[in-house]
Amino acid sequence: MTEKPWSSTAPPADFRPYVEASSTLTEFSLRAVILGAIFGVLFGAVSVYVGLRAGLTVSASIPISVLSISILRAFGKSTILENNIVQTTGSAGESVAAGVIFTLPALIFLGFSLNTEYWRVFFLALIGGWLGVLFMIPLRRQLIVKEHGNLLFPEGTACADVLVAGDRGGSFAGRVFWGLGIGGVYTWLMTAMKMWTDQPAYQPTWFPGSSIRTAITSEYLGVGFIIGPRISGTLFAGGVFSWLVLMPAIRFFGQNSTVPLYPSTIPIPQMTPDQLWITYVRPMGAGAVAASGLITLIRTIPTIVAALASGLKDVRAQRDGAAPQTSRLDRDIPMKFVLIGSVVILAMMWALLTFKPIPGATTGLFANLVAALFVLVFGFLFVTVSCRICGLIGTSSNPVSGMTIATLMATCAMFLVAGWTGGAYAALAITIGGVVAIAAANAGGTSQDLKTGYLVGATPVRQQIGLIVGVLAASFAIGGTLLLMNKGLERYTPVVIPIQITQLPEGVRVEAQNYVHSGKSYVLVNSLGSSEVPDGKYLYDPGTQRIEIQWIQGIGGERAPAPQARLMATVINGILTQRLPWRLVLLGVFLVIGIECLGVRSLSFAVGSYISIATTMAMFAGGLLRWLVERGAAKKSDAESEVSPGSLYSSGLIAAGGVVGLLSIVIKVLEDAGWMKPDTFNVGTQWIGSLATNGWMGVVMFLLLASTLFVFARKKLE
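### So, the overall build of the protein chain
Moving on, step 1. Helices and strands together make up the secondary structure of the protein chain, namely 24 helices and 7 strands.
Moving on, step 2. Taken over C-alpha atoms, the radius of gyration comes to 25 Å for the protein chain, in line with the 27 Å a tight globule of 718 residues would show.
Moving on, step 3. Overall size of the protein chain, expressed as C-alpha extent along the three principal axes, is 85 × 65 × 55 Å.
Moving on, step 4. Counting across all 718 residues of the protein chain, residues that qualify as buried make up 59%.
Moving on, step 5. Taking the intrachain contacts of the protein chain between residues at least 6 apart in sequence as the baseline, contacts between residues at least 24 apart amount to 80%.
Moving on, step 6. Summed over all atoms, the accessible surface of the protein chain reaches about 28,700 Å², with 65% contributed by carbon and sulfur.
Moving on, step 7. Taking the average location of the 48 positive side-chain charges in the protein chain and that of its 36 negative ones, the two points are 2 Å from each other.

Take a look at the structure:
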């Protein structure tokens, strides 16, 4: 009888790994681990950049696999298992970065500086990342082996197909490199040379309160193509609802208002579309995202119970010696190591809270131990949820924000009982929630990697060690990238707000008495949740006795809005100060309930209503392109569509946008430090005059970039 060809989607009865258990192929080689660690650093940094701008990340496993096949082949013959170790180790950077950017930048919005907190970010990323890997180990057999055929793990399955195609001689690298090259040139001309504006906008006078804009970056276009027309369309629908329905409605009904309406500090007729969005729409979006995330969480409760029961059963079998001898394909890190590692992580979390506490958060040794235990309990709970969800719908749709909000709400409730309501305790809450978010995000990525390994015939224990190494390498880069973006994208803008420094309004507090800017000393104040001063950091001039400058830090500004982190800050501050604009939040909650009653999954719509339409419109353009490319083509499985020529080219566009965007920020930092001449590469207006600032020039260039994606997506892979 002829043996059936290998297939990643074969039913359980017919499935066999690509590499047999008896194989002795090279797997955990030094070059594979080193290359994987380098990719972890690179894609960790790129994911921070893209995630802070777009509000979401996409799996890095496929582009890393393609690059690994190409690079290792250049150094001699490589095995499929070596390439799998490279992508496993490297992809940890992207998943840890996702958890970090969703939470830790909230420290900025809560009034704390990240510029001196590199090591805090490093250790939180490390603790959360390792927690995600360790807690996934006892779940592997249940979710990946026993549920094969039920849980697809789309990114993991697609990555296995790429690795097998590369092993058989297929060439995917060219498509990714074309994306890197063209996307890199496009991003460099736009961000460094300023040849065209990066966000064309149209504000119709015939429709007051509305605004149509698009952030024409290569990474948004690539992200939209990869997530497809359905998700990108739902995201864009949320943006349309906020920017073209809600905001014009607020402006219409408030057009005769002469006094500010809370939480605004200026009357509605005087508000710009951006002010309407920040003041009124964002709280509604926050309620929508929180509600949709919690609804998704509730749906997974049966899965949580089943996975926990199965994991505990396997642990008892190993403890009693009843577990059968396992082959290479079923060999995990021993449970003894998992338990010891959990205790070590508990000690690390306790030590961080004890010896490097949040300034102003007075807690005791026992309270720190309780907080560390809290992290472990919620970490294991949401690791289970995350892995199951990723198995069903993929890493990109993993509702980490909903799990984090649930953690934050429980944490803040305990803080309220204890009377811990100051700003320092808000920062402590985000520290706890951040570790849980990082663990959940990395566990989702880990589950995809272990699925890839299961399909190609990798040794699980070696993948798990690679993941631990990848988390360590990526943690060094993630903190540095956060600090670089926060410093490189900051700006100071003039503003006049009269206040009395001796009687500050509620929600406004002094952060520093002697803050020097441009050779002059100011008082640095922070506003969060005030009814008189808009949220933000300001420089108060004691001489004129008023606020004269707003300090807009890089993270939280237009170029790195960090929407999820801002949401976390809003939730924490609102609960602890009991000043959350609940009526606006509840509007978002009931909007989501209405959408769910229509039978539509609300998470993507809610996220789209919360972030800028500039982001969702650009991603919708990518999703629309994918629809045009695939129209009339034979229907593919989810895994096959992930490995399309267009998705590979899009991966290159995303990587190019991130790498060159970061390079532009580095150049700006060097210019500000006086190490380079200001505007060294900014020659747009010199070369092409007013075209460089004309929005239509940007639209034309974006359409040209989109056309290259269309052409490469239509070309078949070799």
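Additional details are given in the paragraphs that follow.
### Focus: the environment of Gly166
Moving on, step 1. Relative to the elements of secondary structure, Gly166 occurs in helix α7 (residues 154–167).
Moving on, step 2. Gly166 gets classed as buried once you look at its relative accessible area, which sits at 8%.
Moving on, step 3. A C-alpha to C-alpha distance of 9.9 Å links Gly166 and Ser68, two positions 98 residues apart in sequence.

### Notes on the pairing of strand β6 (residues 536–541)
Moving on, step 1. β6 sits mainly inside the fold: 6 of its 6 residues count as buried.
Moving on, step 2. Burial along β6 is two-sided: the residues Gly536, Tyr538 and Tyr540 and Lys537, Leu539 and Asp541 are all buried.
Moving on, step 3. Pairing geometry for strand β5 (residues 520–527) and β6, over 5 bridges, is antiparallel. Along β6, the bridge assignment pairs Asn526 with Lys537.
Moving on, step 4. Pairing geometry for β6 and strand β7 (residues 546–552), over 5 bridges, is antiparallel. Bridging across to β7, Tyr540 finds its partner in Ile547.
Moving on, step 5. Between β6 and β7, which follow one another and run antiparallel, lie 4 residues, and Gln545 among them has a positive phi close to 60°.

### Topic: the sheet that holds β7
Strand pairing within a sheet occurs via backbone hydrogen bonds; the two strands may be parallel or antiparallel.
Moving on, step 1. If you trace the 5 strands from one edge of the open sheet to the other, you get β3-β7-β6-β5-β4, paired in antiparallel fashion. Either end of the sheet is taken by a strand with one partner, and the two such strands are β3 (491–498) and β4 (508–517). Across the sheet, the mean angle from the axis of one strand to that of its neighbour is 30°, orientation sign disregarded.

### Concerning the packing of helix α5 (residues 118–136) against helix α15 (residues 423–456)
Moving on, step 1. Following both chains from N to C, one finds α5 and α15 inclined at 45°, their axes separated by 7 Å at the closest point. Taken together, α5 and α15 sit at an angle that is classed as oblique. Classified by chirality, the crossing of α15 by α5 is right-handed. Where α5 approaches α15, its residues Leu124, Ala125, Ile127, Gly128, Gly129, Leu131, Gly132, Val133 and Met136 are matched on the opposing element by Thr431, Val435, Ile438, Ala439, Asn442, Ala443, Thr446, Ser447 and Leu450.
Moving on, step 2. Taken together, the residues that form the contact of α5 with α15 break down as 11 nonpolar, 7 polar and no charged.

### Comments concerning a nonpolar patch on the surface
Moving on, step 1. A cluster of nonpolar side chains, contributed by Leu624, Trp627, Leu628, Phe710 and Val711, occupies part of the molecular surface with about 410 Å² of accessible area.
Moving on, step 2. Mapped onto the nonpolar patch, the elements with two or more residues apiece are α20 (613–630) and α24 (695–714).
Moving on, step 3. It is α20 that provides the largest number of residues to the nonpolar patch, a total of 3 residues.

### Quick word on the packing of helix α2 (residues 61–74) against helix α3 (residues 80–103)
Packed helices, taken two at a time, are described by their axes: the angle between them and the distance between them.
Moving on, step 1. Axis separation between α2 and α3 bottoms out at 9 Å; the angle between their running directions is 135°. Classified by the angle their axes make, α2 and α3 are oblique. Between α2 and α3 lies a crossing whose hand is right-handed. The segment α2 lies against α3, with Ser61, Ile64, Ser65, Ser68, Ile69 and Leu72 engaging Glu82, Asn83, Val86, Gln87, Gly90 and Ser91.
Moving on, step 2. Here the residues of the contact of α2 with α3 are counted per class, giving 4 nonpolar, 7 polar and 1 charged.

### Let's talk about the side chain of Glu147
Moving on, step 1. Within the element layout of this structure, Glu147 appears in the loop between α6 (140–145) and α7.
Moving on, step 2. Residue classification places Glu147 among the buried positions, given a relative accessible area of 13%.
Moving on, step 3. Beyond its immediate chain neighbours, meaning those up to four positions away, Glu147 contacts Gln142 and Arg388.

Criteria and cut-off values
- Residues numbered from 1 in each chain as written.
- Predicted model: local features only at pLDDT ≥ 70, side-chain atom pairs only at ≥ 80, totals over all residues.
- Heavy atoms only, no water.
- Helix = DSSP H or I, 4+ residues; strand = E, 2+ residues; numbered from the N terminus.
- Rg over C-alpha atoms; globule rule 2.2 N^0.38 Å.
- Buried < 20%, exposed > 50% of the residue type's maximum accessible area, 1.4 Å probe, protein only.
- Contact = heavy atoms within 4.5 Å.
- Areas by Shrake-Rupley, 256 points an atom, 1.4 Å probe, with all protein chains shown as cover.
- Lys, Arg positive; Asp, Glu negative; His and termini not counted.
- Charge placed at Lys NZ, Arg CZ, Asp CG, Glu CD.
- Pairing = 2+ DSSP bridges.
- Axes fitted to C-alpha atoms, helices over the stretch in contact; angles between N-to-C directions.
- Parallel < 35°, antiparallel > 145°, perpendicular 65-115°, else oblique.
- Left-handed = near helix turned anticlockwise from the far one by under 90°.
- Nonpolar A, V, L, I, M, F, W, Y, C, P; charged D, E, K, R; others polar.
- Patch = residues over 30% accessible without salt bridge, like charges linked within 9 Å, V, L, I, M, F, W, Y side chains within 5 Å.
- Salt bridge = Lys/Arg side-chain N within 4 Å of Asp/Glu carboxyl O.

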